[in-house]
Structures are given as C-alpha cells and as structure tokens.
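Analysis of the macromolecular model
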Amino acid sequence: MENIETNEKYHFSFKFKNSLPWLIPVFLIVFWQVACNLSWVNETLLPSPIDVVTNGIKLFKNGELQENMSISLYRATAGLLIGGGLGFVLGFINGVSRKARLLFDSTIQMLRNIPHLALIPLIILWLGIGESAKISLVALGCLFPMYINTYHGITSVDPKLIEMGKSYELSKKDLFIKVIFPGALPTILMGVRYALGVMWTTLIVAETISASSGIGYMSTNAEQFMDMKTIVLCILIYALLGKLSDFIAKNLEDIFLEWRAVERRNTDASETSRNK
Amino acid sequence: MKNLKKSFIAILLLFWCGVAIYGWHLTREDAGSSSLKNVVLGYQAGDEFYISKIRGQFVKKMKAKGYNVKFKEFQNGAAMLQALASGNVDYARVGDTPPVSALAAGTKLTYVAAGGTKAKGSGILIRKNSSIKTLADLKGKKVAYTKGTSSQYMLLRALKVAGLSNDDITWVNLDSDAASVAYSKGKVDAWANWDPSVAQVEITENSKLLVDGTTTKALNRSFIVSPTTYASKNKTLSKLIIKYTEQDMKWANKNHSKLIKKMSADLKLSKKVVRRSVIRRTFSMHAMSKSVVKEEQEIANVFYDNNILTKKIDVSKHVQYLK
C-alpha cells in the first residue's frame, strides 16, 4: 500500500517538474497578451501574441513561412556540419599534439573574437553573395565553440586514466577510442550545444547578405517597413528553434553518455546501501 | 522508456535533415540554365528593378535575347555597391548619394542610366502637431538621418535653403529601422527620409513633410550603375536593360492600381501607404544625360565642401552616355 502511494506522489511531482521550465515563458506570453488587450503598450510597437500567431498562420498558408524556415535550416545545418566538423578536427589535433597547439592555438584565439558583422564586407568580397557566403559565416561561428570544447575535453582527460591505459599496454588508437575520446565526450557534446546556439545567432547576421529567403531575410525585410508582427514572429521562431536544437543536443548527451548516468546511479545506490 | 526517447530523437533528427534537404533543394531551384549569359541585378524593395521583377515581363524579354536575369535584393545601397565592387552584381539600382560615396572610396563604377526622382516623397518628416513650422525652426532640434544616404544630402540642402549652418541642428545618425523607432518614440524631432517609409510614417504617425525635394533640390534620383570594366564591355546589354526597364516604367505609370495591389501584397505594406508613395512619383529609366550628371556633381561638391568626402570627384569621368 505504502509503496503505491509514494509512487503516486513521485508521479505527481514528476509532472509538476516537467511543466516548471515552461512556467516563465507561458506567464510572459499571457502577461503580454493582457498588456496588449488593456492597451498598456502601443500595438504598433508591440503587437499582441494573437496577432503574431495569426500573422504566422497567414504566412504558413501562402507557403512563405515553411520555405524560409527550411532554407534557413539548410544553411544552419550545413554551416554547423562544416564549421563544427572543422572545429572538432582542429580541437582534436591541438589536443593531441603539442606542436600543433603551439602552431595553431593563438591564431584561432585571435580569430575567435572578431565580430561576425565586421566580417561581412570581407565575406562579400571573397565569397560573393550566394549560399556559400552565408554558410561560411555560420560555419565560422560554429567552429570556435566546437574547437574550444574539443580541445579542452581532450586535454583535460584524467592523466591517471591515460596512465592506466598505458600500463594495460593499449595501442595509441585503442587508448584514444577507449579512454581519451569517452573521457572528452561530455565536454565535446557541450561544445555541440554551444555551437547550436551560435549557429542561430550567426544565421540571422548571415541572412542579411543579399538574401531573398530565410528567416533572417524575413525579419530584416520586415524591419525595413516596421512590420512588427513579422519581426516578433521571427524572434519567436528563433527562440523556438533554439529551444528545439538545445532539446535535441541535451537528449543526445543523455543517449551517448548513458554510461555516466548508470555509473552515477550505481554510486548513488552503493552510497545509500552503505548509509543503511 | 529509454528506447522510446531514442527513437523520438532519431525521428526528430531525420525530420530536421529532411527539412534541411528540402531547403537546399529550394535554394538550388533558381540556378539558371547554362546556355544563357547570367546577369545579376541588385535592387532594393520598391525601386525600378523591383517593379520589373514583380511585373515579370523583364525576365522573359531578356531570356529571349539570351540573358538569364537574376535579381538580388539588398537592404541598402552601401551593401549593394560592396557587392558590385567585388563583381557579384552587374547592375545596381541605387539612389543618388551612395555611388558618389563609393566613387570617393575608390570603387570603379560607371553610371549607365538615370531614373525618375522621388522629389515629392523625400524630405524632412515632422509631426503635424510639432512646434517646428518652418525650416528655420529646425534650429536646435534633433534630426535623424542615415550617413552616406540621400537623407544626408537632403538635410544639408534643407539647412542651406533655411540659411542655417550645419551646427545649428543636432545630427542623429541612425539606420532607418532604428530611426523609425526613435521618431515614433519622440526621441528625435524630425527625420530626413524618403518613400515608401515617408508615406508610411505620414499615415501611421500623423506626420507630414516639412520640406520636400522640390524645394531643397535634393531630388533623390534613381541611377543604374555598373562596374566600369563590365559596363565598357556590355554596352548592348546595358541598352537592352534600359529599354526593357523603361517599358516596365511606362507600364507602372499607366497601371497604378495593379502596381499598388502587387506592391502592397509583396511588401506587406498597406495599400494606402503604397498608393501615396506611387502617385507622387513618375517612374522612368533613360540613358544618362548632361543635366543629371550635373545633379550628381552637385552632391559630390556639397559633400566635399562639408568634409564628408575627402576627395574631389569628377562625376562626368564615370558616366556612359548610351544612345
């Protein structure tokens, strides 16, 4: 009997916890709608959420929204794969080889802090105004978080573990696959999460380069004529896409790092049993 | 539970990839056929090339002559001229001021054609209930403008007409979207701007033009410019572009209601705003003439005299008279 009760309690608290992250966004949106209805804010400066959503539905019906979203998604994904991949390779090389680190690291650190907006004229001059220009800008944005995290992950693997691997006479390849890579994986996946965030923020900058499609284009185009409904819609889309990619990344972490959770559960269990 | 989560994430990722591939497919679509010569035209929303684009005849006529036309939209003239300098745009439709700044910065461009003016839709916006009644009242006021655009020239001209010096007002350099917020919030007293934004602000913000281009002689004429080497090699093409654009302009002047309908749907502006901006301008596109070169030279001179440009420019050296 008692057992069932605690289970139910657990069930309830689980549900409550699930809705907790959405509490603030939902509250904000409700507050925003109410503020608009009571005309606390000027509708031309901030349209109500319902207006924004109906505007979104209108754009969805004439196909504009899906088209722009899928084009943006393509640019973002291509940029992430190229930039993230390159960042991973560079981070890996620099993490493993001291010479490479000395050669590349300070250059990369210098390039890292250049604002993307400042690079636009150069990108137009070198790569033109086509898709490659937009994708390279996103790639550049994604490169650094991946690089830093991969590099950091690989260099901060517990040296004792490497020592142990060596004493088991693991080959260099095995040492990497069985010890270094799994050890670095949590940090690398953290890099993926950061890169996903940067990906969206860079994309909006990239899509100001003579774009005629994409969410960034939609919003800059709307800005020109102060079409606040579309501007706010684009902001909401970015927020939702950002949340979605973070959700995916977080779950990938859970899936790839299952062993970590199992380990933790085991230590928890052993600790509780010891306490008893 | 774990497996369910795994497959859910897998489906989500697959969906993501599917949409991204669809997006890639969409960007591929406009890759033209190879037998035609590609011509890239840069435009800004609402201008002459834009009208040719939404009317749709231009592309067909050019295709019949063996050219594959691609329209590229830009948010402002400066970005378009950057793309022009790097050879990514073959013809750019710009206002009267950006090419002067670009020439001073060393961009090798040639004026190929001149369009109509926006004299009646370009000027200094004020609220109808503003304390500013005459140009002289601008003294001590904050006026928004955008550096390097026609608005800077407008403001210089307006001050000259009013007999004020440049230091008599506070110059507030803002991008057009930032200026629009600043103006509607009352952070600036006046705003030098042009259509269709002027028409929109007049209607939504209960405003009017204190002075327009007919008084200030800042006419805000349209030009088509091309990289110098490209222009000298493609005179026949330039003539074709002028001819077909001119045909579209004639259509635009005759078919206001159709044009207004198309533009307001495409730009997502109210018909009232589009109508106001369309009826007060005459669309045209012609080869360059001595009189428009003189107008451009005047801009270059005024900018040089006010230390906005550090180099004296002879506009007539960068013009192609196509006949």
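Everything numeric here is computed off the predicted structure, so don't read it as measured data.

A few words on the interface of chain B and chain A. Listed as interface residues are 30 residues of chain B and, on the opposing side, 26 residues of chain A. Looking at the side of chain B that touches chain A, the elements that each hand over two or more residues are helix 1 (2-29), strand 2 (67-73), helix 4 (77-85), helix 7 (176-184) and helix 8 (197-204) of chain B.

One rule of thumb: low pLDDT means the predicted coordinates there are not for detailed reading. On average, residues of chain A score 82 in pLDDT, and 88% of them reach the 70 mark or higher. Every residue in residues 1-6 of chain A scores below 50 in pLDDT, and together they form zero contacts with partners more than four places removed in sequence or on other chains.

The amide bond that connects Asp195 of chain B to the next residue, Pro196 of chain B, takes the cis arrangement and shows omega of 0 degrees. Assignment of secondary structure puts Pro196 of chain B in the loop between strand 8 (190-194) and helix 8. Non-glycine residue Glu169 of chain A carries a positive phi angle of around 60 degrees. Summarising the element assignment, Glu169 of chain A is placed in the loop between helix 7 (159-167) and helix 8 (172-206).

Residues and elements named next belong to chain B. Spatial ordering of the open sheet is given by 2-1-3-10-4-11, a layout of six strands whose pairing is mixed. Either end of the sheet is taken by a strand with one partner, and the two such strands are strand 2 and strand 11 (285-287). In this sheet, adjacent strand axes meet at a mean angle of 25 degrees when their direction is disregarded. Each of strand 1 (37-43), strand 2, strand 3 (91-94), strand 4 (109-117), strand 10 (221-227) and strand 11 touches helix 11 (residues 235-254); the most contacted strand, strand 11, lies at about 150 degrees to it.

A word on the packing of helix 3 (residues 64-96) of chain A against helix 4 (residues 98-112) of chain A. All names here are of chain A. In contact at an axis separation of 8 Å, helix 3 and helix 4 are set at 135 degrees when each is read in the N-to-C sense. It follows from the interaxial angle that helix 3 and helix 4 lie oblique. Along this stretch, helix 3 crosses helix 4, giving a crossing that reads as left-handed. Across the interface between the two elements, Leu90, Ile93 and Asn94 of helix 3 pack against Ala100, Arg101, Phe104, Asp105 and Ile108 of helix 4.

As a further point, take the sheet that holds strand 7 (residues 170-173) of chain B. All names here are of chain B. Overall, mixed pairing links the five strands, which are arranged 7-6-8-5-9 in an open sheet. For this open sheet the edge positions go to strand 7 and strand 9 (207-212), each flanked by a neighbour on one side alone. Neighbouring strand axes in the sheet, compared pairwise and without regard to direction, differ in orientation by 35 degrees on average. In the sheet, strand 5 (residues 122-127) pairs with strand 8 via four bridges, with the strands oriented antiparallel. Bridge pairing links Ile124 to Ala192 in strand 8.

UniProt's feature table lists "transmembrane region" (unreviewed entry) at residues 20-40, 73-93, 113-129, 135-154, 175-192, 198-218 and 230-249 of chain A, given in the numbering used throughout. Taken end to end, residues 20-40 of chain A comprises 86% helix and 0% strand; its first and last C-alpha atoms sit 28 Å apart.

Further remarks concern the pairing of strand 3 of chain B. Residues and elements named next belong to chain B. Because side chains alternate across strand 3, one face comprises the buried residues Tyr91 and Arg93, and the other comprises Ala92 and Val94, equally buried. Sheet analysis places strand 1 next to strand 3, joined by two bridges and oriented parallel. Within the sheet, the bridge partner assigned to Leu41 lies in strand 3 and is Tyr91. As paired elements, strand 3 and strand 10 share three bridges and run antiparallel to each other.

Residues and elements named next belong to chain A. Here helix 8 crosses helix 10 (residues 228-256) at 170 degrees, and the two axes come no closer than 9 Å. The orientation of helix 8 relative to helix 10 falls into the category roughly antiparallel. For the pair formed by helix 8 and helix 10, the contact residues are Leu185, Leu189, Val192, Arg193, Leu196, Gly197 and Trp200 on the first element and Tyr238, Leu241, Gly242, Ser245, Asp246, Ala249, Leu252, Glu253 and Phe256 on the second. Class assignment of the residues belonging to the contact of helix 8 with helix 10 gives a composition of ten nonpolar, three polar and three charged.

What follows deals with the domain arrangement of chain B. All names here are of chain B. Each assigned domain of chain B is listed with its residue range as follows: domain 1 (37-118 + 220-318) and domain 2 (120-216). Its C-alpha centre places domain 1 at a distance of 24 Å from the equivalent point of domain 2. Listed per partner, the contact involves 22 residues of domain 1 and 18 residues of domain 2. Every element with two or more residues in the side of domain 1 that touches domain 2 is listed here: helix 4, helix 5 (98-104), helix 13 (271-279) and helix 14 (290-305). If you tally residues by element for the side of domain 1 that touches domain 2, the top one is helix 13, at five residues. Within the side of domain 1 that touches domain 2, the residues separate by chemical class into seven nonpolar, nine polar and six charged.

Each value, and the rule that gives it
Residues numbered from 1 in each chain as written. Chains lettered and ligands numbered in written order. Predicted model: local features only at pLDDT ≥ 70, side-chain atom pairs only at ≥ 80, totals over all residues. Contact = placed C-beta atoms within 7 Å. Helix = DSSP H or I, 4+ residues; strand = E, 2+ residues; numbered from the N terminus. pLDDT = per-residue confidence, 0-100. Pairing = 2+ DSSP bridges. Axes fitted to C-alpha atoms, helices over the stretch in contact; angles between N-to-C directions. Parallel < 35°, antiparallel > 145°, perpendicular 65-115°, else oblique. Left-handed = near helix turned anticlockwise from the far one by under 90°. UniProt positions renumbered as here; feature names shortened; annotations may be inferred. Buried ≥ 20, exposed ≤ 12 C-beta atoms within 10 Å, placed from the backbone. Nonpolar A, V, L, I, M, F, W, Y, C, P; charged D, E, K, R; others polar. Domains from an automatic or database assignment.

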